[in-house]
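Observations on chain architecture
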Amino acid sequence: MISVIQPPDAMALLSQLEAESLSNNAYGELYDLYRNCSLAVLNSGVQTDNAKELLEKFADFDINVIRNERGVKLELINPPKSAFVDGEIITSIQTNLYAVLRDIIKISTVSPRHILPTGMDESSLSHGKLITNIIFNILRSANILHAGRNPNTVVCWGGHSITDQEYDYAYNVGIQLGLRKLDICTGCGPGIMEAPMVGANFGQTKQNSSTCSFVGLTEPSIIAAEPPNAMVSDLVILPDIEKRLEAFVRFGNAIIVFPGGPGTVEELLYVLSIKMLPENRHEQVPVVLTGSEESREYFNTINTFIKSTLGEKATRSYRIIINDPEEVAIHVKNCLEMVKEHRTLRGDSYCFNWSLNIPEILQTPFIPTHENMHNLNISRDLEPYQLAAVMRQAFSGIVSGNVKEFGIRQIEEHGPYIIKGDTGIMKSMDRLLADFVNQGRFKLQSHEYKPCYKIEIGEE
């Protein structure tokens, strides 16, 4: 099967060099990256969490960029049939295919020299500021940053392998957010990443409003394992997990954490590291942990883990609300008013948090090789924000070994990751992960799950 897809009106023209770099005649990693991300979008709505299996299932899929004077067309060879209705590609998938094209070009071309004004030297800015400006450039190119609009974006984090009750609760929270005409941003995948969007869409409909946007932020190594859900209206692909996480906290105005697995803990540890950095003590980054009554014990476990590893002070960085979607939405709405007041006083942007300080360890890409995982310095001698950042790396590696193609192949070749560190922290981490395994929070096919990690616990 071969299909030729026309570009939406909003698709910018490509230069000859950009188009040629994405053709399958351009050997190297860029084409494979573009192909794999496009395949994930074509599988939007498909329930999977294994990138390797998805790529192998559609091994005969190819995509070609066809240039002409009016723009570019996409030639799809053996695409998934689920992306089409009566021979026509689904409109949202068509739009997101071109979002992939846009963002892969950005990933390959955006560098300090492209974002600095003419005459400004790269050495005049810190590495961290350069990274932040690259992220801003990608989000602006995706047209999701709107100057002058009141703080209105709620980031929703949570797992893909969840219960029906957890999905329904997140859906109901989404309804309450939609009734208040709030925008939703998630990791764009299934499960919790979909439920608030579906609910918010219903809430917006009840208000006879259609202004709510549903933004999905992903990265190349995760999108194949978590294809975009059908509700995503604005898809953005960041170069790696670190830039994706920074995009969440700078673009979002408040964060809601629903039940999830190691990826959700990674996200929570990331934002806690930022909030515990002394330079951020006056920053407004509201964080709410919430779930149904069924999830009360889950959040008690998360809270105990944070308290036992990072200390009591860390637990004051978030609020836990159980079984009350309306209270969650009211609290978030009030927090957004505080965010607006704070940013107005600081003269900061409403749509992108420039003033937030992010430690270098959170901006530096962590490659989860077995050596890097084993050498993690998980020690109580670290400052709390540093310990949170290092533990974030550990959970990031577990996510990679669980669902990302690179990590899955690492585990196949070398066995499970060995994680060591402070005995007390290792015991807490082992208990938390064991609970996740027992609750089926690692994989959609939880009965088949074999841990991709081994916690090494020494003597106290």
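Anyway, here's the lowdown on the structure attached to this text. Just so it is clear, the model here is predicted, and its values are computed rather than measured.

Some details on the packing of helix α11 (residues 262-276) against helix α12 (residues 296-310)
Running from N to C, α11 and α12 cross one another at 45 degrees; their axes reach a closest spacing of 13 Å. Between α11 and α12, the angle falls in the class oblique. As for the relative orientation of α11 and α12, their crossing is right-handed in sense. The residues of α12 that touch α11, namely those facing Thr264, Val265, Leu268, Leu269, Leu272 and Met276, are Tyr298, Ile302, Phe305, Ile306 and Leu310. Here the residues of the contact of α11 with α12 are counted per class, giving 10 nonpolar, one polar and no charged.

Structural notes on the nonpolar core
Ranked by size, the top nonpolar core spans 78 residues in total, and within it Leu139, Leu217, Ile306, Leu310, Ile378 and Met429 carry the most contacts. Per-element tally for this core: the top contributor is helix α17 (residues 384-403), with nine residues. Apart from the residues lying within four places of it in its own chain, the contact partners of Leu217 are Leu139, Ile144, Cys185, Thr186, Gly187, Cys188, Val236, Leu238, Arg244, Ala247 and Phe248. By size, the runner-up hydrophobic cluster in this structure holds 58 residues, among which are Tyr31, Leu54, Ile105 and Leu336.

Remarks on the sheet that holds strand β12 (residues 319-322)
Judged by pairing direction, the sheet is parallel, and its seven strands sit side by side in the order β9-β8-β7-β6-β10-β11-β12 without closing on themselves. A strand with exactly one partner marks an edge of an open sheet, and here the two such strands are β9 (234-237) and β12. Pairs of neighbouring strands in the sheet enclose a mean axial angle of 25 degrees, with direction left out of account. With three bridges joining them, strand β10 (residues 254-257) and strand β11 (residues 287-291) adopt parallel strand pairing. What sits directly across from Ile256, in β11, is Val288.

Section: empty space enclosed by the protein
Evaluation of the coordinates by the stated rule reveals three cavities of 30 Å³ or more. Its volume calculated, the largest cavity comes out at about 290 Å³. Residue assignment for the lining of the largest cavity shows that the elements contributing at least two residues are β6 (153-157), α10 (241-251), α11 and α17. With five residues, α11 is the single largest residue contributor to the lining of the largest cavity. For the lining of the largest cavity, the per-class residue count stands at nine nonpolar, eight polar and seven charged. Considering only enclosed or pocket space, the second largest cavity measures out at about 50 Å³ in volume. For the lining of the second largest cavity, the secondary structure elements donating two or more residues are α10 and β10. In terms of residue class, the lining of the second largest cavity is made up of six nonpolar, four polar and one charged.

What about the pattern of salt bridges?
This structure, assessed with the given rule, holds 14 salt bridges. Residue Glu219 is joined to Lys404 by a salt bridge in which the shortest nitrogen-to-oxygen separation is 2.9 Å. Of this pair, Glu219 sits in the loop between β8 (214-218) and α9 (220-223) while Lys404 sits in the loop between α17 and α18 (405-414), placing them 185 residues apart in sequence. Side by side, Glu219 and Lys404 carry an identical accessibility label, which is buried. Across the salt bridge formed by Lys243 and Asp240, the nearest N and O atoms sit 2.9 Å from each other. Each of the salt bridges in this network shares a partner with another, and the network as a whole consists of Glu242, Glu266 and Arg392.

What counts, and at which threshold
- Residues numbered from 1 in each chain as written.
- Predicted model: local features only at pLDDT ≥ 70, side-chain atom pairs only at ≥ 80, totals over all residues.
- Heavy atoms only, no water.
- Axes fitted to C-alpha atoms, helices over the stretch in contact; angles between N-to-C directions.
- Helix = DSSP H or I, 4+ residues; strand = E, 2+ residues; numbered from the N terminus.
- Parallel < 35°, antiparallel > 145°, perpendicular 65-115°, else oblique.
- Left-handed = near helix turned anticlockwise from the far one by under 90°.
- Contact = heavy atoms within 4.5 Å.
- Nonpolar A, V, L, I, M, F, W, Y, C, P; charged D, E, K, R; others polar.
- Core = buried A, V, L, I, M, F, W, Y, C linked by side-chain atoms within 4.5 Å.
- Buried < 20%, exposed > 50% of the residue type's maximum accessible area, 1.4 Å probe, protein only.
- Pairing = 2+ DSSP bridges.
- 1 Å grid on protein atoms, 1.4 Å probe; cavity = no way out; pocket = protein on both sides within 12 Å on 5 of 7 lines; lining within 4 Å.
- Points joined across faces, edges and corners; volume = space filled by probe spheres on them.
- Salt bridge = Lys/Arg side-chain N within 4 Å of Asp/Glu carboxyl O.

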